[in-house]
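# Descriptive analysis of the structure
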Amino acid sequence: MKTSTRGIRSSSSDRRREVILRGIGVSQGIAIGPAHVVESAAVDVPEYRIPKSAVAKELDRFDHSAAKSREQLEKLADKAKDRHGAAGEELGYLLDAHIQMLGESRLIRGVRERIANDLVNAEAAVSSHVNQILRVFAAFDDPNFTSKGDEVREVGSRLIRNLTRTPYRAFSGIEDGAVIIAEEMSPSDTALLDPRRVAGFAAAMGGAEGHTAIMARALDLPAVLGIAGLAGRVQPGMTVIVDGIQGQVIVNPDGATIAEYRKKRANLLRQRRELARLRDLPAVTRDGLDITLLANIELPAEIAQALAAGAEGIGLLRSEFMFMNRAELPGEDEQYETLREIVESMGGKPVTFRTLDVGGDKLVGGLAQSAGGSANPALGLRAIRLSLSIQKLLEIQLAAMLRAAAHGPVRLLLPMITSAREVVEVRTVLARVFKRLKRQGVAIPDEPPPVGAMVETPAAALAADALARTCDFLSIGTNDLTMYTLAVDRGDERVAALYDPRHQAVLRLIQFTAAAGAREHVPVALCGEMAGDPANAGLLIGLGLTELSMAPGNLARVKKRIRGLEFGATRHLADTVMLQTDPDRVAEILAAFEGAS
Ligand code: PEP
Ligand code: MG
């Protein structure tokens, strides 16, 4: 018998019964193996008052625990350097953020003040201060703050462990091929998992946006998070299946289920091997139209994957990662070093740097005050508006980008443009920064790099002709374009069913932009999530797009689709789709096209 449930406590009959637990699939793949249940290692927090005369000693005890925590993290960061590739890099960022929190930070200052003012022991001061920070972060209801909160909690628990001398639980004695089941997996716990020995993992806490999810994808470990009551349903040694595609965990699968999942897993591996063979083949339609396939990068850790998947360059580097998980803003040199490494690691392939796109649903610590506080954040001081309102911020970023452009081909992309005037204003700042750097003898290219605008507001799409005249290229961001056109918040699951990039209105804006670019002889790319779905490739090509940028994991599947298409047929498809008024009919036509070609 199969039971589907969410968060019910186990009974003894569950020990043999197949149970399906639903959560969020955050890293694709299928793991089958015996459960290794990680007990939740809660630390007891002693709480007591201290006399005024004991404050200095207590502060000393706290400073010692902070120094010890820093030492432990520095050792871990050293180890992370030995771990090659995406996971090592990702862990490095994370540990650096933790080390910074243990320096001259608000967290440390806050705890010290509590010890001195509230006359409480260090453990209690850490616990109450961390809880206060978490309450403030929770009020933002923003995934960036959620993951930042996870980090503060983790650093707090490290401090308390060191104060109470509670040892860390190592992932020792794990059977080869085991599936890790935990109440919560921190990103650094996850990075310690060896993908050659562990089959996958599932946890009760966590969502698709957190660092744990990013780490799971970087390690290519199947993972499902956010399963309420998970640990209570799984006993050590029980067989479990982690289905990272459908976002479910099957406990005690019966023989038929195991056979079905083994088949699914074998199919997946076969598909991946087949796709890997496409790496060096061109993305060209059967009748010879070349399509440029580029990668969207959120973290430098993804570059290796993009190159391995045959990306011809980076079509969108979201520069926000340099500003996240920190209180202060990165300076010009730091941004330059990071961007230079990215340009160099692309080995001569073009890199499109997008200037900072914060505000709206993306807030970063150092700019929370400037960008936050709007009643309609998506319509407020975000992206290019914020950069133009804090010109120093823009100047620093443009200077770093210009300097990185001395190391390889670079393009500059401006987010959330609504009029050509904004592009002109940025070009003025760019010219000024360019001149200053030249005068100072700093190594930059002879000419400023090409400048492009994101077409992600209906205003930009409808003014695409004017934009094309001020830009060297355009890039359509269908994620925001869909949101702003349909008035549907892209991050609100309650209206998710209304969010449809294939809606007539969105398609017309894409078509209009592509046509304006063609008239003005300005290349138009598309870098929204829509580009990464192979089922959209025919329609987008038929609408006149020849440059698509997407998450690295989607490149091979889209290339495969393009190689099966006829350009003539895609034109006909686009003509037919653009005549429709009923979204269901559009879906039917696209499905029929997929079936037929
Ligand atoms: C978009 O809006 O389509 C886009 C690519 O930008 P982001 O997803 O970063 O907002
Ligand atoms: Mg956008």
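Attention in this report is confined to the structure presented alongside it. (Residues numbered from 1 in each chain as written. Chains lettered and ligands numbered in written order. Predicted model: local features only at pLDDT ≥ 70, side-chain atom pairs only at ≥ 80, totals over all residues. Heavy atoms only, no water.)

### Focus: the nonpolar core
Grouped together as the largest cluster of nonpolar side chains are 93 residues, with contacts concentrated most on Phe-353, Ile-510 and Leu-548. With residues near it in sequence (within four places) discarded, Ile-510 still touches Ile-476, Thr-478, Leu-481, Leu-526, Met-530, Leu-543 and Leu-545. (Core = buried A, V, L, I, M, F, W, Y, C linked by side-chain atoms within 4.5 Å. Buried < 20%, exposed > 50% of the residue type's maximum accessible area, 1.4 Å probe, protein only. Contact = heavy atoms within 4.5 Å.)

### Observations concerning the site of ligand 1
Near ligand 1 you find 14 residues, and of these Arg-318, Arg-354, Gly-477, Asn-479 and Arg-490 are the closest. Within the side chain of Arg-354, one N or O atom sits 2.8 Å away from an oxygen atom of ligand 1. Against a free-state accessible area of 290 Å², the protein chains account for coverage of 99% of ligand 1. Of all elements in the fold, only β11 (314-318) and α18 (478-486) reach the threshold of two or more residues within the shell around ligand 1. The element contributing the most residues to the shell around ligand 1 is α18, with three residues. Of the residues contributing to the shell around ligand 1, the split by class is three nonpolar, four polar and seven charged. (Near = heavy atom within 4 Å. Polar contact = N/O pair within 3.5 Å; in protein donor to acceptor, adjacent residues only side chain to side chain. Areas by Shrake-Rupley, 256 points an atom, 1.4 Å probe, with all protein chains shown as cover. Helix = DSSP H or I, 4+ residues; strand = E, 2+ residues; numbered from the N terminus. Nonpolar A, V, L, I, M, F, W, Y, C, P; charged D, E, K, R; others polar.)

### A word on the coordination of the magnesium ion (ligand 2)
Glu-456 (OE) and Asp-480 (OD) make up the full set of protein donors to the magnesium ion (ligand 2), lying at 2.1 Å. With Glu-456 in the loop between β14 (451-455) and α16 (458-462) and Asp-480 in helix α18, this residue pair connects regions lying 24 residues apart in the sequence. The burial state of Glu-456 is the same as that of Asp-480; both residues are buried. (Donors = N, O, S within 2.8 Å, 3.2 Å for Na, K, Ca; no water.)

### Here's the deal with the environment of Ala-276
Its location among the elements puts Ala-276 in helix α9 (residues 255-276). For Ala-276, a relative accessible area of 51% corresponds to the exposed category. In the structure, Ala-276 is positioned 32 residues away from Ala-308 in sequence and 8.2 Å away in space, judged by C-alpha atoms.

### Remarks on the sheet that holds strand β12 (residues 351-354)
Taking strand neighbours around the barrel as the criterion, the eight strands line up as β10-β11-β12-β13-β14-β15-β16-β17 in a closed arrangement whose pairing is parallel. When strand polarity is set aside, the average angle formed by the axes of neighbouring strands in this sheet is 25 degrees. As paired strands, strand β16 (residues 524-526) and strand β17 (residues 547-550) are joined by two bridges and run parallel to one another. Residue pairing across strands places Ala-525 opposite Glu-547, the latter belonging to β17. Its contacts with the sheet put helix α14 (residues 391-404) on β12 and β13 (410-414), and the angle it makes with β12 is roughly 170 degrees. (Pairing = 2+ DSSP bridges. Axes fitted to C-alpha atoms, helices over the stretch in contact; angles between N-to-C directions.)

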